[in-house]
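# Architecture and fold: a report
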Amino acid sequence: MQLGIRLHDTKELPFEERIADVRNLGFACGHLALSKVIKEFSTSDEALTPGLAMYIKNVFARNQVDIAVLGCYLNLANPDPEQLKKITNRYMAHIRFASWLGCGVVGTETGAPNVAYSYELACHEEQALQTFITNLRPVVKYAEQMGVVMAIEPVWKHIVYSPQRARRVLDEIASPNLQIILDPVNLLDISNYQKQEAIVEEAIDVLGPDVAMVHLKDYRPVDGKLEAMGCGLGMMKYDTVLKFIKERKPYIHVTLENTLPENNRQVRAHILEMYQNA
């Protein structure tokens, strides 16, 4: 695997210095959320020009760091028509930008049927799923036109909350440009985490062929909910997912999440040791 990190979990530095620091830490790739990583200049829709893409691409290339994911984690099930239009335009701007950057995927989670993007029981209902699929369809069509892969990340508190539900989205849209970001912890909740191994096995069984990249983090139950943290600091078991990566996904991008600048090296070393023994 090519192990990387979510870039906004690293030490806050000017953009070029930050990418150099990521390489010095030993990471091979990064998850880039533009507005969370770049503060020196605008990353609005109109700022995402070919020239800016080539500048950013060169900074990463100079440091031998891949852009594994260009993150655009906005709510495609937003019920407000004006907000949804802006969100859709933002996705399309990211897709164009990704085509110039040459990054792995444009990544997203799957929203909630409210403007607050917060969990409610309706997230898991059929109507919310159909709304998400309807609104995702033109975005994926645009990704096809631009030669870019969109990758959705199932999350228990969002609309696409299970492997089976993600499989439905893939099958209904039926595009080679729609794939999966597998984050095993995001499939867990306080109500099901004790079945984590079975849930991860199901995700690999149902979604494995369409997994384009992997996120890794850890968790611990705290005050009736799961608290995310860096790998090796909680209760997550990685054997199944690391074996999947090793046997079926050579050189796949894998990015760490919910680390801190103080423990990035520790978490990286922990996962690499586990991977060697998988």
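So, a few notes on the structure that sits alongside this text. Residue numbers restart at each chain and count upward from 1, following the sequence in its written direction. Thresholds applied to this predicted model are a pLDDT of at least 70 for local features of residues and 80 or more for the giving and counting of side-chain atom pairs; totals over whole chains, interfaces and linings are not thresholded and use all residues. Side-chain descriptors were evaluated using all non-hydrogen atoms of the structure, hydrogens and water having been removed beforehand.

### Section: the state of the cysteines
- Throughout, disulfides are identified as pairs of cysteine sulfur atoms within 2.5 Å of each other. Inspection of every chain in the model, using the stated rule, returns zero disulfides.
- Of all cysteine sulfurs, the one in Cys72 lies closest to Cys103, which takes part in no disulfide; the gap is 11 Å.
- The rule is simple: take the accessible area with a 1.4 Å probe, protein chains only, and divide by the maximum for that residue type; under 20% is buried, over 50% is exposed, in between is partly exposed. Of the residues examined, Cys103 reaches a relative accessible area of 12% and is grouped as buried.

### A look at the side chain of Thr108
- For helices the rule is a DSSP run of H or I covering at least 4 residues; for strands it is a run of E covering at least 2, with both sets numbered from the N terminus onward. On the secondary structure map, Thr108 appears in strand 4 (residues 105-108).
- Throughout, a residue-residue contact means that at least one pair of heavy atoms, one from each residue, lies within 4.5 Å. In contact with Thr108, not counting residues within four places along its chain, are Cys72, Tyr73, Leu74, Tyr91, Met150, Ala151, Ile152 and Glu153.

### Some details on the pairing of strand 8 (residues 218-222)
- When DSSP finds two or more bridges between a pair of strands, those strands are recorded as paired. In this sheet, strand 9 (residues 225-229) lies alongside strand 8 in antiparallel orientation, the contact comprising five bridges. Residue Arg220 lies in a different strand from strand 9, and its bridge partner there is Glu227.
- Connecting strand 8 to the antiparallel partner strand 9 that follows it, the hairpin turn spans two residues, and Asp223 within it adopts a positive phi of roughly 50°.

### Side note on the sheet that holds strand 3 (residues 66-71)
- Strand order in this closed barrel of eight strands is 1-2-3-4-5-6-7-10, and the pairing throughout is parallel. In this sheet, neighbouring strand axes are inclined to one another by 30° on average, regardless of whether the strands run parallel or antiparallel.
- As paired elements, strand 6 (residues 178-182) and strand 7 (residues 211-216) share three bridges and run parallel to each other. Its bridge partner lying in strand 7, Ile181 is registered against Met213.
- Taken strand by strand, helix 5 (residues 126-146) contacts strand 5 (150-152) and strand 6, and its axis lies near 150° from that of strand 5. An axis is simply a line fitted to the C-alpha atoms; with a helix, the fit covers only the stretch in contact. Between two such axes, the angle follows the N-to-C directions and lies from 0 to 180 degrees.

### A short note on empty space enclosed by the protein
- Throughout, the protein atoms alone are placed on a 1 Å grid, and a set of points is a cavity if a 1.4 Å probe fits but cannot get out or a pocket if it is open with protein on both sides within 12 Å along at least five of seven lines; lining residues have an atom within 4 Å of a point. Grid points are joined across faces, edges and corners, and a volume is the space filled by probe spheres set on the points. As enumerated under the stated definition, the model contains one cavity of 30 Å³ or more in all.
- Lining of the largest cavity is provided by Gln196, Glu197, Val200, Met236, Lys237, Asp239 and Thr240.
- Mapped by element, the contributors of at least two residues to the lining of the largest cavity are helix 7 (196-207) and helix 8 (239-248).
- Top element by residues in the lining of the largest cavity is helix 7. It accounts for three residues.
- Here the term charged refers only to Asp, Glu, Lys and Arg, the term nonpolar to Ala, Val, Leu, Ile, Met, Phe, Trp, Tyr, Cys and Pro, and the term polar to all other amino acids, Gly among them. Classifying every residue of the lining of the largest cavity gives two nonpolar, two polar and three charged.

### Examining the layout of surface pockets
- In this structure, the largest pocket spans a volume of roughly 650 Å³.
- Around the largest pocket sit 32 residues that line it, and Arg6, Tyr73, Glu109, Asn186 and Glu257 are the ones nearest its centre.
- Put simply, the parts of the chain that give the lining of the largest pocket at least two residues each are helix 2 (34-37), helix 4 (81-101) and strand 9.
- Counting residues per element, the lining of the largest pocket draws most heavily on strand 9, which supplies four residues.

### A closer look at the pattern of salt bridges
- Definition used for salt bridges: Asp or Glu carboxyl oxygen within 4 Å of a side-chain nitrogen of Lys or Arg. Counted under the stated rule, the structure contains twelve salt bridges.
- For Arg167, the salt bridge is made with Asp171, and the minimal N-O distance between the two is 3.1 Å. Taken together, the positions of Arg167 and Asp171, both in helix 6 (residues 163-173) and four residues apart, correspond to about one turn of that helix.
- The exposure class assigned to Asp171 is partly exposed, which follows from its relative accessible area of 49%.
- The shortest N-O distance in the salt bridge between Arg167 and Asp210 comes to 2.9 Å. Of the two residues, Arg167 sits in helix 6 while Asp210 sits in the loop between helix 7 and strand 7, which places them 43 residues apart along the sequence. Across this residue pair, the class does not change: Arg167 and Asp210 are buried.
- Overlapping salt bridges bring together Arg6, Asp9, Asp183, Lys217 and Glu257 as one network.

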